[in-house]
Amino acid sequence: MSDGTTPRPYRSYVYAYPHKTAYRPLPAPAPSLASLWRDEPKDALSLYAHIPFCEVRCGFCNLFTRIGAPDELTTRYLDALDRQAAAVREALGDREPVRFATAAFGGGTPTFLTAAELERLCDIAEKRTGVDLRAVPLSVETSPATATADRLALLAERGATRLSIGVQSFVEAEARAAVRPQRRADVESALGRIRDTGVPVLNIDLIYGIDGQTEETWRSSLDAALAWRPEELYLYPLYVRPLTGLGRISPAADREWDERRLRLYRYGRDRLLDHGYEQVSMRMFRRTDAAPLGPDDHACQTDGMIGLGCGARSYTSALHYSFDYAVDMREIRSIIDAYTETGDFSRVEVGRWVDAGEARRRHLLQSLLQAAGMPVAGYEERFGSSPFADFPGELGRFAALGWLDEGAPEGLLRLSPEGLAHSDGLGPELFSPSVRAAMAAYEPK
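Residues numbered from 1 in each chain as written. Predicted model: local features only at pLDDT ≥ 70, side-chain atom pairs only at ≥ 80, totals over all residues. Heavy atoms only, no water.

Peer 1: Is there a simple way to think about the pairing of strand β2 (residues 45-51) in this case?
Peer 2: Looking along a regular strand, one sees the side chains alternate between the two faces of the sheet. Counting buried residues along β2, 7 of its 7 residues qualify, which places the element largely inside the surrounding structure. Here 7 bridges tie β2 to strand β5 (residues 100-107), and the two strands are oriented parallel to one another. Counterpart to His-50 in the pairing with β5 is Gly-106. (Buried < 20%, exposed > 50% of the residue type's maximum accessible area, 1.4 Å probe, protein only. Helix = DSSP H or I, 4+ residues; strand = E, 2+ residues; numbered from the N terminus. Pairing = 2+ DSSP bridges.)

Peer 1: I'm lost on the packing of aromatic side chains in this one. Help?
Peer 2: Two measures describe an aromatic ring pair: the distance that separates the ring centres and the angle between the ring planes. Counted according to the given criterion, the structure contains 16 aromatic pairs. Centre to centre, the rings of Tyr-10 and Tyr-208 are 6.5 Å apart; their planes meet at 70 degrees, and the pair counts as edge-to-face. Placement of Tyr-10 in the segment before β1 (24-25) and of Tyr-208 in strand β8 (residues 201-208) is noted, with a sequence separation of 198 residues between them. Look at Tyr-77 and Tyr-339: their rings are 5.1 Å apart centre to centre, the planes differ by 40 degrees, and that puts the pair in the tilted class. Of this pair, Tyr-77 sits in helix α2 (residues 73-92) while Tyr-339 sits in helix α9 (residues 329-340); the two residues are 262 residues apart in sequence, bridging distant segments of the chain. Residue class for Tyr-77 comes out buried when judged on its relative accessible area of 1%. (Phe/Tyr/Trp six-rings, centres within 6.5 Å; stacked < 30°, edge-to-face > 60°.)

Peer 1: Looking at this structure, I do not really get the nonpolar core. What am I missing?
Peer 2: Formed by 81 residues in total, the largest nonpolar core has its most connected members in Leu-121, Ile-204, Leu-206 and Ile-306. Per-element accounting of this core gives the leading share, 10 residues, to α2. With residues near it in sequence (within four places) discarded, Ile-306 still touches Trp-37, Leu-45, Ser-46, Leu-47, Tyr-48, Val-88, Leu-92, Phe-100, Arg-313 and Ser-314. Ranked by size, the runner-up nonpolar core spans 26 residues in total, among them Val-376, Leu-395, Leu-426 and Leu-430. (Core = buried A, V, L, I, M, F, W, Y, C linked by side-chain atoms within 4.5 Å. Contact = heavy atoms within 4.5 Å.)

Peer 1: How should I be thinking about the packing of helix α7 (residues 215-226) against helix α8 (residues 254-274) in this particular structure?
Peer 2: When two helices pack together, their arrangement is captured by the angle between the axes and the distance separating the axes. One can describe the packing of α7 onto α8 by two numbers: an axis separation of 10 Å at closest approach and a directional angle of 35 degrees. Along this stretch, α7 crosses α8, giving a crossing that reads as right-handed. Contacts from Glu-215, Trp-218, Arg-219, Leu-222, Asp-223 and Leu-226 in α7 reach Arg-263, Leu-264, Tyr-267, Gly-268, Arg-271 and Leu-272 in α8. For the contact of α7 with α8, the residue count by class is 6 nonpolar, 1 polar and 5 charged. (Axes fitted to C-alpha atoms, helices over the stretch in contact; angles between N-to-C directions. Left-handed = near helix turned anticlockwise from the far one by under 90°. Nonpolar A, V, L, I, M, F, W, Y, C, P; charged D, E, K, R; others polar.)

Peer 1: Whenever I open this one, unusual backbone geometry confuses me. Can you help?
Peer 2: Glycine aside, negative phi is the norm for most residues, and most peptide bonds take the trans geometry. Between Ala-28 and Pro-29 the backbone carries a cis peptide bond, its omega angle lying at -5 degrees. Among the secondary structure elements, Pro-29 is positioned in the loop between β1 and α1 (33-37). With an omega of 15 degrees, the peptide bond between Gly-107 and Gly-108 qualifies as cis. Relative to the helices and strands, Gly-108 is located in the loop between β5 and α3 (115-129). Phi angles above zero are rare outside glycine, and Gln-168 is one such case at about 75 degrees. On the secondary structure map, Gln-168 appears in strand β7 (residues 162-168). Positive phi, normally seen in glycine, also occurs at Arg-229, with a value near 45 degrees. Residue Arg-229 is classed as partly exposed on the basis of its relative accessible area of 44%.

Peer 1: What's the story with the environment of Ile-194 in this structure? I'm lost.
Peer 2: On the secondary structure map, Ile-194 appears in helix α6 (residues 184-197). In this view, Ile-194 contacts Thr-142, Leu-152, Leu-163, Ile-165 and Leu-202; residues no more than four positions away in its chain are not counted.

Shape descriptors only; they carry no functional weight alone.
Shown next, in the form of structure tokens:
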């Protein structure tokens, strides 16, 4: 826990727990995939394929991605992805049926790949792992520059049910300030091509807190997005992170920036609620008349996650694992090159073991950060204890801060609107001391 002051509202985006900066090289002998997956449930797996390439590196981005792919690098990367997928399927075995419930292609920018390469990616997913992309929700990330008609048509034909495009801002000056140069006309054209595919869910990502952004320009971006009636909208606060294009910029007054982002968040939230959207999490909003085709944004972090690619994570009930992680471009290139040269993917080299205490924290985090909240009975059934007994200090403090919904139905632990607004401050308060220590000891590279 932090000191007695109110936690800052924008400490960390908790999209996974434990955070990847808490992962470490595993001691020898490295565990085999087969041993890790032997006793895991395999009837509702999630598949995530990571494509670590972009046409430009946005200034706010700390994702595992590189600019461009020279010397047939995409071909070599897909070759390695094919080998990894085959190793994973072999590790899953045939003692019981293996079924995938969801699939997603992320990055980077998956549509950096050509249409032919995207088709190969789909073939790898289907023929190697066994997922039926046309029978499960399939989400794919894209960008205005790479959302070409041939790529989008291929994805629609192969079963994509959701296309997510990172617009960030419809105001060209703001896009430049975020080191994301783009013309609004090109963004609008890309959105038109996505709608032309007939893919049922369009998601638009927007960012608030960009240098020079005002309520008026924020409203302009919100209204431009709403004009397309997207089934989903994500509103992301801008973060300034080390080793990124904006990492050398320090806001003159952090508290003032926090307040400005909170003000823009509340404005955006209220505008979307007024225009027929429901809030799913701090970031995610869904049109109320749009039928959900798959799980909410937290479900991809549950156990049973198969990650393919050098930036992907996988989750079993006991171990979360991945490959090495970096933000600096030279380090990323080195890791990608090493991945493409790997022949044996049967063992896990980097990860973090998850004990019963961490599993409790993870369940509480995943559930509490959703607007719907957490049924206490479900927690008690899974863990045999009460969340109020397991986390008395944390939940007591959240209540004192007004972050818990006192009007929630009996048996439901739910954040208040203000608690939801402070998700990025609340989430890190639930990190365990050991995870905090590992994250603090991590040296960005």
